[in-house]
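The residues making up each chain are set out below.
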Amino acid sequence: MREELDAAIAAFDGETGVARITLNRPDALNALNGQLRADVETAFERFREVDDEADGAAVRVVVIEGAGDRAFCAGADVNEFSGDGPATNASRPVQEIVEDFPAPVVAKIDGYCLGGGFELALACDLRYASESSRLGLPEVDLGIIPGAGGVQYVARLAGPAVARELAMTGEHVPAAEAADLGLVNDAFADDDFEAAVEAVVETLASKPPLSLRAIKESALLSTQVGLAEGRRYDRARFPRLLATEDHAEGARAFREDGYEPEFVGR
């Protein structure tokens, strides 16, 4: 499946279970305008349809990347700002759409990742950047604040002091520093970036998809509830996963040396 939307490209490989969203406004550094937000929402709706129609969890992982070689996403399109914030055609914030999608979502960051683009990446489950990439929250220089949770995300990942510094100075952080702060999972040399990220995506696609979905939900829940309630979720989900075909497949691979499991999402 490959669908060219107005400002994004949605693609799904049924053999690998890898879905991709390409933010396709390279001349504008893939800045988020109303149409691009709506296209991201549409792409995730398409992937949900694929998943719902399949016998099992068809979508193993979603990768979001930017078109061109200059930016993942340089932020919201300031030409569409109003007193209420950037214009949007999407029914919900893109960050919420990313978090609500059941499968893990990977941000593949190559180039500028700023403002709303950084907030989009922060909503993803995993983030990988090329070493030449720059990340930041420059909204302060426009006399505003990150309006889609940027300060909240950074505070949860790297602490309130780091969140204050990034948002108050508006500075762009090199990818290696972002990795040291925990804002991205890893920063790869530019020449190795493509292969390194695709290796991570391939690994995720090979794992039991129902387990990955439960891990994503548990991790997100950890930012919303106390430890006791989070443990209750994990305890409740554990026996359900024990009853799946994928658990039986994984257990067989554990017992039988050389057996390669094939997980089907059931």
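Residues numbered from 1 in each chain as written. Predicted model: local features only at pLDDT ≥ 70, side-chain atom pairs only at ≥ 80, totals over all residues. Heavy atoms only, no water.

Draft legend 1. Just the overall build of the protein chain, in detail. Of the regular secondary structure elements, the protein chain holds 10 helices and 13 strands. Its C-alpha radius of gyration of 19 Å places the protein chain within 12% of the 18 Å reference for a compact globule of 266 residues. Oriented by its inertia axes, the alpha-carbon framework of the protein chain measures out at about 60 × 40 × 40 Å. When the 266 residues of the protein chain are sorted by exposure, 47% land in the buried category. (Helix = DSSP H or I, 4+ residues; strand = E, 2+ residues; numbered from the N terminus. Rg over C-alpha atoms; globule rule 2.2 N^0.38 Å. Buried < 20%, exposed > 50% of the residue type's maximum accessible area, 1.4 Å probe, protein only.)

Draft legend 2. Structural context of a nonpolar patch on the surface. Side chains of Val 78, Leu 142 and Ile 144 sit close together on the surface and give an oily, nonpolar patch of about 250 Å² of accessible area. Taking relative accessible area as the criterion, Val 78 reaches 45% and is therefore assigned partly exposed. (Patch = residues over 30% accessible without salt bridge, like charges linked within 9 Å, V, L, I, M, F, W, Y side chains within 5 Å. Areas by Shrake-Rupley, 256 points an atom, 1.4 Å probe, with all protein chains shown as cover. Salt bridge = Lys/Arg side-chain N within 4 Å of Asp/Glu carboxyl O.)

Draft legend 3. Summary view of the packing of helix 8 (residues 209-222) against helix 9 (residues 227-242). Interaxial distance between helix 8 and helix 9 falls to 10 Å at its minimum, and their mutual angle equals 170°. Compared by their axis directions, helix 8 and helix 9 come out roughly antiparallel. On helix 9, the residues touching Leu 210, Ser 211, Ala 214, Glu 217, Ser 218 and Leu 221 of helix 8 are Gly 230, Tyr 233, Asp 234, Arg 237 and Leu 241. In terms of residue class, the contact of helix 8 with helix 9 is made up of 5 nonpolar, 3 polar and 3 charged. (Axes fitted to C-alpha atoms, helices over the stretch in contact; angles between N-to-C directions. Parallel < 35°, antiparallel > 145°, perpendicular 65-115°, else oblique. Contact = heavy atoms within 4.5 Å. Nonpolar A, V, L, I, M, F, W, Y, C, P; charged D, E, K, R; others polar.)

Draft legend 4. Geometry of helix 9. The end-to-end C-alpha distance of helix 9 is 23 Å, a good match for the 22 Å that 16 residues give at a rise of 1.5 Å each. Buried positions along helix 9 lie against helix 8. (Expected span 1.5 Å × (residues − 1).)

Draft legend 5. A look at the sheet that holds strand 11 (residues 134-136). Spatially, 4 strands are ordered 5-9-11-12 in an open sheet, and the strand pairing comes out mixed. Edge strands, defined here as strands with exactly one partner in the open sheet, are strand 5 (71-73) and strand 12 (172-174). Ignoring strand direction, the axes of neighbouring strands in this sheet form an average angle of 25°. Pairing between strand 5 and strand 9 (residues 112-114): 2 bridges, direction parallel. If you follow Cys 73 over to strand 9, its bridge partner there is Cys 113. Packing against the sheet, helix 3 (residues 115-123) makes contact with strand 5, strand 9 and strand 11, and its axis sits at approximately 90° to strand 9. (Pairing = 2+ DSSP bridges.)

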